[in-house]
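# Tertiary structure, described
So the chains spell out like this:
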Amino acid sequence: MPTIYLSPSTQEGNMYVTGNSEEYWMNRLADAMEPYLEASGISFTRNSPTGSAARSIRESNSGNYDLHLALHSNAAPPDIYGQVQGSDVYYYPSSVEGRRAANIIADALKTIYPDPNKVRALANTSIGELRQVRAPSVFLELAYHDNVDDANWITSNLDLIARTLVLALTEYFGIPFREPGSAFPRPGLVSLSYGTLNLRQEPSLTARVVASIPNGTILELLGETGDWYEVNYNGTSGYVSKAFVTAQ
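Residues numbered from 1 in each chain as written. Predicted model: local features only at pLDDT ≥ 70, side-chain atom pairs only at ≥ 80, totals over all residues. Heavy atoms only, no water.

### Notes on the packing of helix α3 (residues 96–110) against helix α6 (residues 158–173)
How we decide: Structural elements are reduced to axes, namely lines fitted to C-alpha atoms, with helices fitted over the stretch in contact, and the angle between N-to-C directions of any two is expressed from 0 to 180 degrees. Under the DSSP-based scheme used, a helix requires at least four consecutive residues in state H or I and a strand at least two consecutive residues in state E, with every element numbered from the N terminus. Any angle that is under 35 degrees is reported as roughly parallel, and any over 145 degrees as roughly antiparallel; angles of 65 to 115 degrees are reported as roughly perpendicular and all others as oblique. It is the rotation of the near helix from the far one that decides the hand of a crossing: anticlockwise by less than a right angle makes it left-handed, clockwise makes it right-handed. The contact rule is simple, with two residues in contact once any of their heavy atoms fall within 4.5 Å. Gly counts as polar in this scheme, as do all residues outside two lists: the nonpolar Ala, Val, Leu, Ile, Met, Phe, Trp, Tyr, Cys and Pro, and the charged Asp, Glu, Lys and Arg.
Two elements in contact, α3 and α6, have axes whose closest approach is 9 Å; the angle formed by their N-to-C orientations is 140 degrees. Taken together, the axes of α3 and α6 are oblique relative to one another. Taken as a pair, α3 and α6 cross one another with a handedness that is right-handed. Along its contact with α3, which presents Glu-97, Arg-100, Ala-101, Ile-104, Ile-105, Ala-108 and Leu-109, the element α6 presents Thr-164, Leu-165, Ala-168, Glu-171 and Tyr-172. Its residues assigned to classes, the contact of α3 with α6 shows eight nonpolar, one polar and three charged.

Structure follows, in structure tokens:
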């Protein structure tokens, strides 16, 4: 099970133009992420809202985390206050895994942010939660809380943003994404009139066959995509046709 250190902002003095603080809204976002993390099998530790960035760094470094994810929102300099929009996903330039995670998260955010051209993955060497953290780290500046449109986008779409971020994390870790309250995982019985069932690498009849499954086998069903189940068969993950599997 992958494990992350989840570090929403502790900056209670950074106020949204629409009301409440960066600390408040990023903790609301972390709250919304928790059910998706739990459903998808991602273990997490959260920082304390009363703490500091330095404390988050110490706590992260005291554990054995697969990723450190810092949740923040941005603000433009005073001379252009309220005029800038966009989402910046920062990583430390020498961290191969941090960069990979940042690019996956940025690509996911492009599917929901109003202007995908304003979503960027960027290298940064000055942010402590990138430079000083032992685990691969991503520092997310989700949007600009001094811009009315950006602030409203965040506060009106917390669940969508949370789901998108966790979906990106499951891609990064190479595990199935599961909705909270999902019927998966569950057992499934292979039911054939003859032969064996093909376990394929992708949900397609042209995908490579990675195993042959005998009739009567009990599989672990991990999820579903159209007419296919994603399954685990003796430690090998792949896809099988729903037509030959009965969910238990």
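### Concerning the environment of Leu-109
Our working definition: Note on classification: 1.4 Å probe, protein chains only; a residue is buried when its accessible area is under 20% of the maximum for its type, exposed when over 50%, partly exposed between these limits.
Inspection of the secondary structure assignment puts Leu-109 in helix α3. Residue classification places Leu-109 among the buried positions, given a relative accessible area of 1%. Look past the residues within four positions of Leu-109 in its chain and what remains in contact with it is Ser-87, Val-89, Val-119, Leu-140, Leu-142, Thr-164 and Leu-165.

### Details of α6
Condition: In this scheme, a helix's expected span is set at 1.5 Å multiplied by one less than its residue total.
With 16 residues, α6 extends 23 Å from end C-alpha to end C-alpha; this agrees with the ideal 22 Å at 1.5 Å per step. By the burial criterion, the buried members of α6 are Leu-158, Ile-161, Ala-162, Thr-164, Leu-165, Val-166, Ala-168, Leu-169, Thr-170, Tyr-172 and Phe-173. Buried residues in α6 make contact with β1 (3–8), α1 (22–39), β3 (67–74), α3, β6 (137–144) and α5 (148–156). Just downstream of α6, Gly-174 is the residue with a positive phi angle, here 70 degrees.

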